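Commentary on secondary and tertiary structure
One-letter residues, chain by chain:
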Amino acid sequence: MHTATPLDVVQAQLDAYNAHDVAALVAIYADDVRQFQHPDTLLAQGSAQIAERFTHRFAASRPQARLLNRIACGKLVIDHEIVTSVTEQGTLEQELVATYEVVDGRIARAWFSFA
């Protein structure tokens, strides 16, 4: 049986994000996940807050993330991305670095650094 690597998990997260699939995203994140704006500003904690955060984000702007580079080191995966969002104000692009910690096949913690 194939065990998902941290790279597999993070790619599944990116695919679910771009598909705006909240249920798939919640399944990829650990039940007690914590998301931070780097270094330690808590954005969301636990499945319910993750679901609420993504539901709101997708309804507000229908974002699409484009992967520029990915680095993996053990349980950490670091993505450099540009997220394009369509809002009432027009199309916006946000460059960011996302660091994911994958434990037991799910994302346990994530940190986002915005340019």
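Heads up: the structure comes first, above all this text.
The structure reproduced in this document is the subject of the present report. (Residues numbered from 1 in each chain as written. Predicted model: local features only at pLDDT ≥ 70, side-chain atom pairs only at ≥ 80, totals over all residues. Heavy atoms only, no water.)

1. Some remarks on the overall build of the protein
Each helix and strand counted, the protein has three helices and six strands in total. Listing every helix and strand of the protein by position from the N terminus yields α-α-β-β-α-β-β-β-β. The C-alpha radius of gyration of the protein comes to 13 Å, within 12% of the 13 Å expected for a compact globule of 115 residues. When its C-alpha atoms are laid out on the principal axes, the protein stretches across 45 × 30 × 30 Å. The proportion of buried residues among the 115 residues of the protein is 35%. Pairs at least 24 residues apart make up 43% of the contacts formed inside the protein by residues separated by at least 6 positions. (Helix = DSSP H or I, 4+ residues; strand = E, 2+ residues; numbered from the N terminus. Rg over C-alpha atoms; globule rule 2.2 N^0.38 Å. Buried < 20%, exposed > 50% of the residue type's maximum accessible area, 1.4 Å probe, protein only. Contact = heavy atoms within 4.5 Å.)

2. With respect to the nonpolar core
In this structure, Y17, L25, Y29, F54, Y100 and I107 are the most contacted members of the largest nonpolar core, which totals 24 residues. At the level of elements, α1 (6-18), α2 (22-28), β1 (29-37), α3 (46-61), β4 (76-87), β5 (90-103) and β6 (106-114) are the ones that each hand at least two residues to this core. Residue contributions to this core peak at five residues, all from α1. Residues contacting Y29, with those up to four places away along its chain left out, are Q13, Q35, I50, F54, Y100, R106 and I107. (Core = buried A, V, L, I, M, F, W, Y, C linked by side-chain atoms within 4.5 Å.)

3. A few points about α1
When the terminal C-alpha atoms of α1 are compared, their 18 Å separation across 13 residues agrees well with the 18 Å that a helix rising 1.5 Å per residue should span. Trailing α1 by a residue or two, H20 shows a phi angle of about 60°, which is positive. (Expected span 1.5 Å × (residues − 1).)

4. Description of the side chain of D79
Relative to the assigned elements, D79 resides in strand β4. In terms of polar contacts, D79 uses its side chain to reach the side chain of R70, at 2.6 Å. Setting aside anything within four residues of it in sequence, one finds D79 in contact with V10, L67, N69, R70, L96, V97, A98 and Y100. (Polar contact = N/O pair within 3.5 Å; in protein donor to acceptor, adjacent residues only side chain to side chain.)

5. So, the environment of L92
Within the secondary structure, L92 is located in strand β5. C-alpha separation for the pair L92 and I82, spaced ten residues apart in sequence, amounts to 10.0 Å. Those residues within four positions of L92 in sequence are excluded, and the remaining contacts are V83, T84, S85 and T87.

6. A closer look at the packing of aromatic side chains
A full pass over the atoms with the stated rule returns six aromatic pairs. Aromatic side chains Y17 and F58 sit 5.4 Å apart centroid to centroid with 70° between the ring planes, which places their arrangement in the edge-to-face category. Note that Y17 is positioned in helix α1 and F58 in helix α3, a separation of 41 residues in sequence. Both residues of the pair, Y17 and F58, belong to the buried class. Consider the rings of Y29 and F54, whose centres lie 6.0 Å apart with planes at 45°: the pair is tilted. Of this pair, Y29 sits in strand β1 while F54 sits in helix α3, and the two are 25 residues apart along the sequence. Each member of the pair Y29 and F54 is classed as buried. (Phe/Tyr/Trp six-rings, centres within 6.5 Å; stacked < 30°, edge-to-face > 60°.)

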